[in-house]
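Single-letter residue listing:
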Protein chains: 2
Amino acid sequence: MQQLSGLDNSFLLMEAGGQLGHVGSLSFFDTAGLEGRSFKDALRSTIEDRLHLLGPYRRRLVEVPLDLDRPFWIEDPDFDMDFHFRHIAVPSPGDDHQVSELVSRIHARALDRSKPLWELYVIEGLENGRVALYSKIHHCTIDGVSGAQMTQVLFDQDPGGDVIPLPEEPWQPDDIPRTSEMVARGIAGLVTQPGRIARTAYRTARELWESNEAATAVARTIGLDRLPLAGGIFRTNGPEVDADRIPQTPAPRTPFNRSITPHRRFCFFSMSLPRFKAVKRTIGVTLNDTVMAVSGAALRSYLGERGELPEDPLVAMIPVSVRSETEKNEYANRVTSILGELATDEADPIARVERIHRAMAKSKRMQQAMPATLLTDWTEVATPLILAQAARIAARTKILDRMNPPFNVIISNVPGPRQSLYCGGAEMQTYYPVSAVAEGQGLNITVISYKDRLDFGVIACRELVPDVWKFKDLFAEGLEELEKAAEARKTTNE
Amino acid sequence: MQQLSGLDNSFLLMEAGGQLGHVGSLSFFDTAGLEGRSFKDALRSTIEDRLHLLGPYRRRLVEVPLDLDRPFWIEDPDFDMDFHFRHIAVPSPGDDHQVSELVSRIHARALDRSKPLWELYVIEGLENGRVALYSKIHHCTIDGVSGAQMTQVLFDQDPGGDVIPLPEEPWQPDDIPRTSEMVARGIAGLVTQPGRIARTAYRTARELWESNEAATAVARTIGLDRLPLAGGIFRTNGPEVDADRIPQTPAPRTPFNRSITPHRRFCFFSMSLPRFKAVKRTIGVTLNDTVMAVSGAALRSYLGERGELPEDPLVAMIPVSVRSETEKNEYANRVTSILGELATDEADPIARVERIHRAMAKSKRMQQAMPATLLTDWTEVATPLILAQAARIAARTKILDRMNPPFNVIISNVPGPRQSLYCGGAEMQTYYPVSAVAEGQGLNITVISYKDRLDFGVIACRELVPDVWKFKDLFAEGLEELEKAAEARKTTNE
């Protein structure tokens, strides 16, 4: 049996209070290419033909009793396609807001852990002859990059349908292991635990020592000293580093950095990739810098309108893939993160994007100085029980309402397909990410590039950001403002 | 603050594993009477006008920390109509099976305990110019009879709209009590607990002694000796009764008397009330006897087709309202239950209904010999923590897969409105109950009488009864068989 990594498992453990560990996507298809066939039937038969390439669709968890150790994957002997593949509709007129309402509600519900951790909803009743597809899958089984890979398997690059290799051998479901077997595995894992913790603590201390500049970023990013068990060991066992002396410069408080509920609001919109690219070239920054600058502008306006813009700049957390070439086809999490300021205290758009650019360049240098595997090691050593308790305590005490957050917002930029994708001949028009929020982090901006568009999904806690649809216009205004400023500078320079 | 009764609270405590404590209804409306207005808008403004008569819609729970005592109700200061009132659709063709699929999925999800415990879904996209309404509310806040009362408040008896009295005083939301206050209340409750337990045990023993015939029914119905705490006290403290000597005759095992999942299947159909009444008159039994006989016939065929009909007759549990006249307008649980055999081992339909009739008459005599309040007293004395743990242990160990059940199926017969009800001029055509299943009880048959129809809702665990829609035809066949047999006997007697 394959065991979940500590990082994979952390997305299960985070499920307490209002936190949910799954992610999703919402895509719209043009039904013209179907030539009268049913999108639902086309998609279903496509999935059935490609199940052997979609590992997460048939594997399910077996948990270790009493949370003694991380769970394992087995091939589900009770796999039932009807449970996962669903058909639903929005009422007329079938516009974006009604789709958003439906997706928000479905996204607010945890997946059933006794089955493979995914659900697909074909959504009908849309205006303009479209059909939508909402896909939901647990973050413990894929990350952003492997999610994008699944999309490539699921859909065709050829409108007439791709040729898919047949399975090399027939699928073999597993038996569900008996409880006694899982307890034995848990105890075996526990016996080896103390050694693992000591080794990881020693290695972290050494790496920090060797790469001094990275210390702040690491401590702030992985919250090492705040882990109930690992934090203590780190402080006492690390021979050359005192974690308490690592400077903590938390992000300012905002209305969305509070304790969340399980309910969501979801706003989505599509923007022109060439427009972002033109701005980036004119100013001389990266594409990701411009995405962050436009996000920062939108957040600055949003908080300004509410009279709640903090004096200090907001801090964004940016997930970074650490997937190596050999891991390219693996369905698991290979991700770390860096922090970057959003310069929301700066009124001038050019000055803002340049500050963002400098901060990001510095964060990336630090991150590259750290071995990719180190950052995920800590999640391997604490037992699931301890981590789950920490998550539950945080949710129950609403501790995050009373302290400054380590960062304000996640901004995630996932590279998606550059060519059109099809299902049964129907072209996918847009491909919006539907990500997750967390305790103290009630707002998440994720963007997927698809063809010549950037498709944005802004997901929020329903209670903390009830007016999330404001971001659609605020992003449009943010890009226009940046374009105008870039144009003005170009004219001046010429 | 008003505190939940032990019985009300038991519907919260049952929520563990696959068990959910809410109930619902699915009603269909003819949109012709709307004269072009939107059903959704009409319903929403009706609710807003009548909120002062719909107590459960604005009250929410405050739980006592550490489950020290039963929760309390407060008027929710954060009440948000948008959260509860929802709008959705089924894909084309919009038939009963698609509605069933949607309702099953929504019904499979627990209500959020931090808000008032209800949700309403206006369902569009139906064939034949209809609109449907699925209503979901927690059983801790109403029982079948008070649910039917809410329906009377919500809908009009006059197609042109009823006259509703204005609120006598403006609504006053409460403050959410601080944790420390709730802990103090919990400890205060606990201190008085031992006395309450002793008094209840003494009273039960005395009542059992005085009404000897009732002993078996009581022990089997409320499972007194199986409660972890109360059972022990009962066995040692009861001066004149030894619970171990009360005969236990559990029901036979069936495929649906097993551990359940949280997922559901829902089958609904409407039958003619005059046909049931004609049969009852011919045979000389009650209306409820004929409902049970037709249910028994359907269950006999269903299990027979699967080759799993037990030799012993199935046992049904029938909820009985113990609401007094003075409690008539209260939103709370006033319900107990009796057991009755379904004579599924009997091939002859007349012999079957007569056995059911005799068994029910006997059960009712026993039940009437017991004071109505006694049966609910036991749920008042055990602390919620103990009851919740018992529910969780039952779910986790799947103990019910290894023992015979106390009964096989709940058959609930709720009297509904006799006249047509309207909303915004749209007539309610049918009114199906969507009830709950429980550990070891994967099938529930509930029927509401409405106008000249009996509207059946058969709710089941998705995994134990995947083919629940078979019951629609099996009930039709069961009624026909009984009608023919009654007709034949009438001819013979004449």
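So, here is what we can say about the structure in this document. Keep in mind that what you see is a predicted model, and the values were worked out from it rather than measured.

A word on the packing of aromatic side chains
All names here are of chain A.
1) Next: Within the structure shown, the criterion is met by 32 aromatic pairs over all chains.
2) Next: Relative to Tyr134, the ring of Tyr121 has its centre 5.8 Å away and its plane inclined at 35 degrees; by these criteria the two rings are tilted. Here Tyr121, found in strand β6 (residues 118–124), pairs with Tyr134, found in strand β7 (residues 130–138); they are 13 residues apart in sequence, far enough to count as distant. Tyr134 matches Tyr121 in its accessibility class, with the two residues each being buried.
3) Next: On the basis of an interplanar angle of 70 degrees and a centroid distance of 5.4 Å, the ring pair of Phe268 and Trp469 is categorised as edge-to-face. In this pair, Phe268 sits in strand β8 (residues 264–272) while Trp469 sits in the loop between β15 (453–461) and α15 (470–493), placing the two residues 201 residues apart along the sequence.

Points about the environment of Arg265 of chain B
All names here are of chain B.
1) Next: Inspection of the secondary structure assignment puts Arg265 in strand β8 (residues 264–272).
2) Next: Placed 199 residues apart in sequence, Arg265 and Leu464 show a C-alpha to C-alpha distance of 9.6 Å.
3) Next: The residues contacting Arg265, other than those within four sequence positions of it, are Glu101, Ser104, Val458, Ile459, Ala460, Arg462, Val465, Pro466 and Val468.
4) Next: In this structure the side chain of Arg265 is engaged in a polar contact, spanning 3.1 Å, whose partner is the backbone oxygen of Pro466.

Some remarks on the pairing of strand β4 (residues 72–75) of chain A
Residue and element names in this part refer to chain A.
1) Next: In the sheet, strand β1 (residues 2–3) pairs with β4 via two bridges, with the strands oriented antiparallel. From the neighbouring strand, Gln3 faces β4, where its bridge partner is Phe72.
2) Next: Bridging between strand β3 (residues 59–62) and β4 involves four bridges; their strand directions are antiparallel. Considered in β4, the bridge of Leu61 is made with Trp73.

Observations regarding the nonpolar core
1) Next: Among the nonpolar cores identified, the biggest contains 137 residues, and Leu26, Ile123 and Phe471 of chain A together with Leu26, Ile123 and Phe471 of chain B are the most heavily contacted of them.
2) Next: Counting residues domain by domain, this core receives three or more from each of domain 1 (2–180) and domain 3 (264–384 + 404–419 + 433–493) of chain B.
3) Next: Apart from the residues within four sequence positions on either side, Phe471 of chain A is in contact with Phe269, Ala298, Leu299, Tyr302, Leu443, Val458 and Val465 of chain A.
4) Next: By size, the runner-up hydrophobic cluster in this structure holds 31 residues, among which are Leu34, Val131, Met150 and Leu421 of chain B.

Concerning the interface of chain A and chain B
1) Next: Contact with chain A, which involves 22 residues of that partner, is made by 22 residues of chain B.
2) Next: Buried surface at the junction of chain A and chain B, both sides included, amounts to about 1,800 Å², of which 49% is carbon and sulfur.
3) Next: On the chain A side of the contact with chain B, Pro91, Arg105 and Arg462 of chain A bury the most area, a combined 29% of that side's loss.
4) Next: If you look at where chain A meets chain B, you find four salt bridges.
5) Next: Between Arg462 of chain B and Asp80 of chain A there is a salt bridge, and its shortest N-O distance comes to 2.8 Å.

Focus: the relation of the copies chain A and chain B
1) Next: You can overlay chain A on chain B at an RMSD of 0.0 Å; the transform is a turn of 180 degrees with a shift of 0.0 Å along its axis. The relationship between the two copies is best expressed as a two-fold rotation axis. Every residue of chain A has its C-alpha some distance from the rotation axis, and the shortest such distance is that of Ala89 of chain A, at 2.4 Å.
2) Next: Mapped onto chain B, 100% of the interface residues of chain A again fall at the interface, so both copies present the same surface.

Digging into the sheet that holds β3 of chain A
The pairing of strands in a sheet comes from backbone hydrogen bonds and takes either a parallel or an antiparallel form.
1) Next: The strand order across the open sheet built from three strands is β1-β4-β3 (chain A), with neighbouring strands paired in antiparallel fashion. This sheet does not close on itself; its edge strands, each paired only once, are β1 and β3 of chain A.

Description of the sheet that holds strand β4 (residues 72–75) of chain B
1) Next: One open sheet holds the three strands; their spatial order is β1-β4-β3 (chain B), and the pairing between them is antiparallel. Unpaired on one side and paired on the other, β1 (2–3) and β3 (59–62) of chain B mark the two borders of the sheet.

As for helix α10 (residues 273–283) of chain B
An α-helix turns once every 3.6 residues. As a result, residues three or four positions apart point the same way.
Residues and elements named next belong to chain B.
1) Next: All of the buried residues along α10 are Leu273, Phe276, Val279 and Ile283. All buried residues of α10 project into a common sector of 130 degrees when viewed along the axis, lining one side.
2) Next: A distance of 3.2 Å separates the backbone nitrogen of Arg275 from a side-chain oxygen at the start of α10, and that oxygen is part of Ser272.
3) Next: Positive phi appears at Gly284, one or two residues downstream of α10, with a value of about 80 degrees.

What to know about the packing of helix α10 (residues 273–283) of chain A against α15 of chain A
All names here are of chain A.
1) Next: For the pair α10 and α15, interaxial distance at closest approach is 10 Å and the crossing angle is 40 degrees. As for the relative orientation of α10 and α15, their crossing is left-handed in sense. Contacts between α10 and α15 pair Arg275, Phe276, Val279, Thr282 and Ile283 from the former with Leu479, Glu480, Leu482, Glu483, Ala486, Arg489 and Lys490 from the latter.
2) Next: The class makeup of the residues in the contact of α10 with α15 is six nonpolar, one polar and five charged.

Digging into the pairing of strand β11 (residues 409–415) of chain A
Residue and element names in this part refer to chain A.
1) Next: Along β11, five of the seven residues are buried, which leaves the element largely enclosed by surrounding structure.
2) Next: Pairing of strand β9 (residues 315–321) with β11, which is carried by two bridges, proceeds in the parallel orientation. By the bridge assignment for β11, Met317 is matched with Ile410.
3) Next: Note that β11 and strand β14 (residues 443–450) share six bridges and pair parallel. Residue pairing in the sheet places Ile411 in a bridge with Ile445 of β14.

Comments concerning helix α5 (residues 144–154) of chain B
Residue and element names in this part refer to chain B.
1) Next: Taking burial as the measure, the 11 residues of α5 include eight buried ones, the bulk of the element.
2) Next: Those residues of α5 not exposed but buried are Ser146, Gly147, Ala148, Gln149, Met150, Thr151, Val153 and Leu154.
3) Next: Next to the buried residues of α5 lie α2 (39–50), β7 (130–138), β11 (409–415) and β13 (426–434).

Looking at the pattern of salt bridges
All names here are of chain B.
1) Next: Overall, the coordinates contain 46 salt bridges over all chains when judged by the stated rule.
2) Next: Here Lys470 and Asp467 are joined by a salt bridge, their closest N and O atoms 3.5 Å apart.
3) Next: Given the relative accessible area of 37%, Lys470 is considered partly exposed.
4) Next: With a relative accessible area of 22%, Asp467 lands in the partly exposed category.

So, a positive patch on the surface
Residue and element names in this part refer to chain A.
1) Next: Together, Lys277, Arg281, Arg418 and Lys490 make up a positively charged patch on the protein surface.
2) Next: Within the fold, Lys277 resides in helix α10.
3) Next: Lys277 gets classed as partly exposed once you look at its relative accessible area, which sits at 35%.

Looking at the side chain of Arg59 of chain A
All names here are of chain A.
1) Next: Tracing the backbone through its elements, the reader meets Arg59 in strand β3.
2) Next: In this structure, Arg59 is buried with no salt-bridge partner, the nearest side chain bearing the opposite charge being Asp8 at 6.1 Å.
3) Next: Among the polar contacts listed, one links the side chain of Arg59 to the side chain of Thr141, at a separation of 2.7 Å.

Remarks on the side chain of Arg50 of chain A
Residues and elements named next belong to chain A.
1) Next: Mapped onto the secondary structure, Arg50 falls in helix α2 (residues 39–50).
2) Next: Assessed through its relative accessible area of 6%, Arg50 is described here as buried.
3) Next: A polar contact is formed between the side chain of Arg50 and the backbone oxygen of Val153, at a distance of 3.0 Å.
4) Next: When near neighbours in sequence (up to four residues on either side) are disregarded, Arg50 contacts Val153, Leu154, Phe155, Asp156, Asp162 and Ile164.

Quick notes on unusual backbone geometry
Residues and elements named next belong to chain A.
1) Next: Here the bond from Ser92 into Pro93 is cis, since omega is 5 degrees, no more than 30 degrees from zero.
2) Next: Mapped onto the secondary structure, Pro93 falls in the loop between β5 (85–89) and α4 (96–107).
3) Next: Although it is not a glycine, Glu35 adopts a positive phi angle of roughly 50 degrees.
4) Next: With respect to the secondary-structure elements, Glu35 resides in the loop between β2 (22–30) and α2.
5) Next: Here the phi dihedral of Lys451 falls at roughly 55 degrees; this positive angle occurs in a residue that is not glycine.
6) Next: Relative to the assigned elements, Lys451 resides in the loop between β14 and β15.
7) Next: Residue classification places Lys451 among the partly exposed positions, given a relative accessible area of 25%.

About the thresholds
Residues numbered from 1 in each chain as written. Chains lettered and ligands numbered in written order. Predicted model: local features only at pLDDT ≥ 70, side-chain atom pairs only at ≥ 80, totals over all residues. Heavy atoms only, no water. Phe/Tyr/Trp six-rings, centres within 6.5 Å; stacked < 30°, edge-to-face > 60°. Helix = DSSP H or I, 4+ residues; strand = E, 2+ residues; numbered from the N terminus. Buried < 20%, exposed > 50% of the residue type's maximum accessible area, 1.4 Å probe, protein only. Contact = heavy atoms within 4.5 Å. Polar contact = N/O pair within 3.5 Å; in protein donor to acceptor, adjacent residues only side chain to side chain. Pairing = 2+ DSSP bridges. Core = buried A, V, L, I, M, F, W, Y, C linked by side-chain atoms within 4.5 Å. Domains from an automatic or database assignment. Buried area = accessible area lost by both parts, 1.4 Å probe. Salt bridge = Lys/Arg side-chain N within 4 Å of Asp/Glu carboxyl O. Least-squares fit on C-alpha atoms with pLDDT ≥ 70 in both. Arc of directions from axis to C-beta. Axes fitted to C-alpha atoms, helices over the stretch in contact; angles between N-to-C directions. Left-handed = near helix turned anticlockwise from the far one by under 90°. Nonpolar A, V, L, I, M, F, W, Y, C, P; charged D, E, K, R; others polar. Patch = residues over 30% accessible without salt bridge, like charges linked within 9 Å, V, L, I, M, F, W, Y side chains within 5 Å. Areas by Shrake-Rupley, 256 points an atom, 1.4 Å probe, with all protein chains shown as cover. Lys, Arg positive; Asp, Glu negative; His and termini not counted. Charge placed at Lys NZ, Arg CZ, Asp CG, Glu CD.

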